[in-house]
Amino acid sequence: MQIISTITALRHRLRDEEPVVFVPTMGNLHEGHLDLVRVAREHGRCVVVSIFVNPLQFGVNEDFSKYPRTLEQDCKLLEQSGVDVVFAPSEQDLYAQPQQFMVDPPAIANELCGAFRPGHFRGVATVVLKLFNIVQPQMAVFGKKDFQQLHIVRQMVAQLNLPIEVIGGETVRAADGLALSSRNQYLNPTERTEAAFLCRTLANMGKAMRGQAALNQAKLNSPRDFSSLEQEARDALSARGWKVEYIAIRCSSTLLPLTAGDKDVVILAAVWLGKTRLIDNLETNLQGGLS
Ligand code: PAF
């Protein structure tokens, strides 16, 4: 495995490689990232992982400065996982000039996480496009845990005609169901135990939705929208001291609110437990679709 820190050296190293499969990360790697690497290895000969904490996607009061940076340990894990190249550029190299050209994502980037993190997806889309231009992969793997990010990257690739296949990697969870995230380490032991309540809440919502949709199909007069389920989940979390940014039930292919006929649904959430912001989501299928 080679660790490369400049754009010139990376281009030189990759000039005869194809197919290149790319896994962009911000480092502080956990099993979730390593699973994306495993997916990448299944798809291509040369696996490139980038490690770069991108200042453009953090708001002024967010955790950019305290975001854990563990390059040495990350490289050991990547070496054991069979990665070919780690690209770990400096901020000076990636942003050699002030970044004035930015990718302006569509309106969906201002909803859900985007409503609470203004400019976040602009920063993500811009750095991902830059990394795509540098690495020039044939495929790229992004985790489904960041469901809205994956959606926006897919839209960018489609609408800007980038010759890249985007692959979504499944969310890896701890034994109690908590989605793995670098930010989980901000949780104290009590919060860490409580944190699993989020995925249990989403699972209960999924079950209730499927039940209501089935009643609806059978014309048993069940409610046609799920806003009361969203509200119940918000109330349940708030009652235990969580601060809810959003819990929303959306169409999984557009991320828009559900309309008649939608079958593939995703429940998305962003919540604060103490000083830690957690996101999670659950995809589910409503047999026969919403009527
Ligand atoms: O998901 C992440 O870790 C980041 O948003 C990404 C895609 C590496 C861009 O900085």
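Structure's up top.
Now for a look at the structure at hand.

Rules of the game
- Residues numbered from 1 in each chain as written.
- Predicted model: local features only at pLDDT ≥ 70, side-chain atom pairs only at ≥ 80, totals over all residues.
- Heavy atoms only, no water.
- Salt bridge = Lys/Arg side-chain N within 4 Å of Asp/Glu carboxyl O.
- Helix = DSSP H or I, 4+ residues; strand = E, 2+ residues; numbered from the N terminus.
- Buried < 20%, exposed > 50% of the residue type's maximum accessible area, 1.4 Å probe, protein only.
- Near = heavy atom within 4 Å.
- Polar contact = N/O pair within 3.5 Å; in protein donor to acceptor, adjacent residues only side chain to side chain.
- Areas by Shrake-Rupley, 256 points an atom, 1.4 Å probe, with all protein chains shown as cover.
- Nonpolar A, V, L, I, M, F, W, Y, C, P; charged D, E, K, R; others polar.
- Pairing = 2+ DSSP bridges.
- Axes fitted to C-alpha atoms, helices over the stretch in contact; angles between N-to-C directions.
- Contact = heavy atoms within 4.5 Å.
- Right-handed = clockwise from strand over helix to strand, strands pointing away.

Moving on to the pattern of salt bridges. Applying the stated rule across the entire model yields 14 salt bridges. Across the pair Lys144 and Glu283 runs a salt bridge, and its minimum N-O distance is 3.3 Å. Note that Lys144 is positioned in the loop between strand 5 (139-143) and helix 7 (147-159) and Glu283 in strand 9 (residues 276-285), a separation of 139 residues in sequence. Lys144 gets classed as buried once you look at its relative accessible area, which sits at 17%. The salt bridge partner of Asp280 is Arg173, with a shortest N-O separation of 2.9 Å. On the criterion of sequence distance, the pair formed by Asp280 in strand 9 and Arg173 in the loop between strand 6 (165-169) and helix 8 (189-194) is long-range, its members being 107 residues apart. Residues joined by salt bridges that share partners form a network here, namely Arg13, Glu17 and Arg45.

Moving on to the site of the ligand. For the ligand, the full set of nearby residues is Pro24, Thr25, Met26, Asn54, Gln57, Val127, Phe142, Asp146 and Gln149. Interatomic distance of 2.6 Å between a side-chain N/O atom of Gln57 and an oxygen atom of the ligand. Gln149 is positioned with one of its side-chain polar atoms (N or O) 2.7 Å from an oxygen atom of the ligand. Contact with the protein chains hides 89% of the accessible area of the ligand, taken as 290 Å² for the molecule alone. Among the residues forming the shell around the ligand, the class breakdown is four nonpolar, four polar and one charged.

What follows concerns the sheet that holds strand 7 (residues 243-251). Spatial ordering of the open sheet is given by 7-8-9, a layout of three strands whose pairing is antiparallel. Of all the strands in the sheet, the pair left with one neighbour each is strand 7 and strand 9. The sheet shows a mean angle of 10° between the axes of neighbouring strands, direction not considered. In this sheet, strand 9 lies alongside strand 8 (residues 264-273) in antiparallel orientation, the contact comprising 10 bridges. By the bridge assignment, Leu273 is partnered in strand 9 with Thr276. This element, helix 9 (residues 196-217), spans strand 7, strand 8 and strand 9 of the sheet and lies at about 25° to strand 9.

This part takes up unusual backbone geometry. In this chain, Glu18 is followed by Pro19 through a cis amide linkage whose omega measures 0°. Turning to its location among the elements, Pro19 is positioned in the loop between helix 1 (7-14) and strand 2 (20-25). One non-glycine residue, Leu112, lies in positive phi territory at about 50°. Counting through the fold element by element, Leu112 comes out in the loop between helix 4 (91-94) and helix 5 (113-116). In this structure, Gln136 is a non-glycine residue whose phi angle is positive, near 50°. Along the chain, the position of Gln136 falls in the loop between helix 6 (120-135) and strand 5.

What follows concerns the sheet that holds strand 5. The sheet built from six strands is open, its strands ordered 1-4-3-2-5-6 with parallel pairing. Only two strands of the sheet have a single neighbouring strand rather than two, namely strand 1 (2-4) and strand 6. The average undirected angle you get between the axes of adjacent strands in this sheet is 25°. The sheet strands contacting helix 6 are strand 2, strand 3 (46-51), strand 4 (85-87) and strand 5, and the helix crosses strand 2 at an angle near 150°.

For the rest of this paragraph, the subject is the pairing of strand 2. The buried count for strand 2 comes to six of six residues, which makes it a mostly enclosed element. Of the two faces of strand 2, both are covered, the one formed by Val20, Phe22 and Pro24 as well as the one formed by Val21, Val23 and Thr25. Pairing between strand 2 and strand 3: six bridges, direction parallel. Paired with Thr25 across the two strands is Ile51, which belongs to strand 3. Crossover handedness for the path strand 2 to helix 2 (residues 31-43) to strand 3: right-handed. Pairing geometry for strand 2 and strand 5, over two bridges, is parallel.

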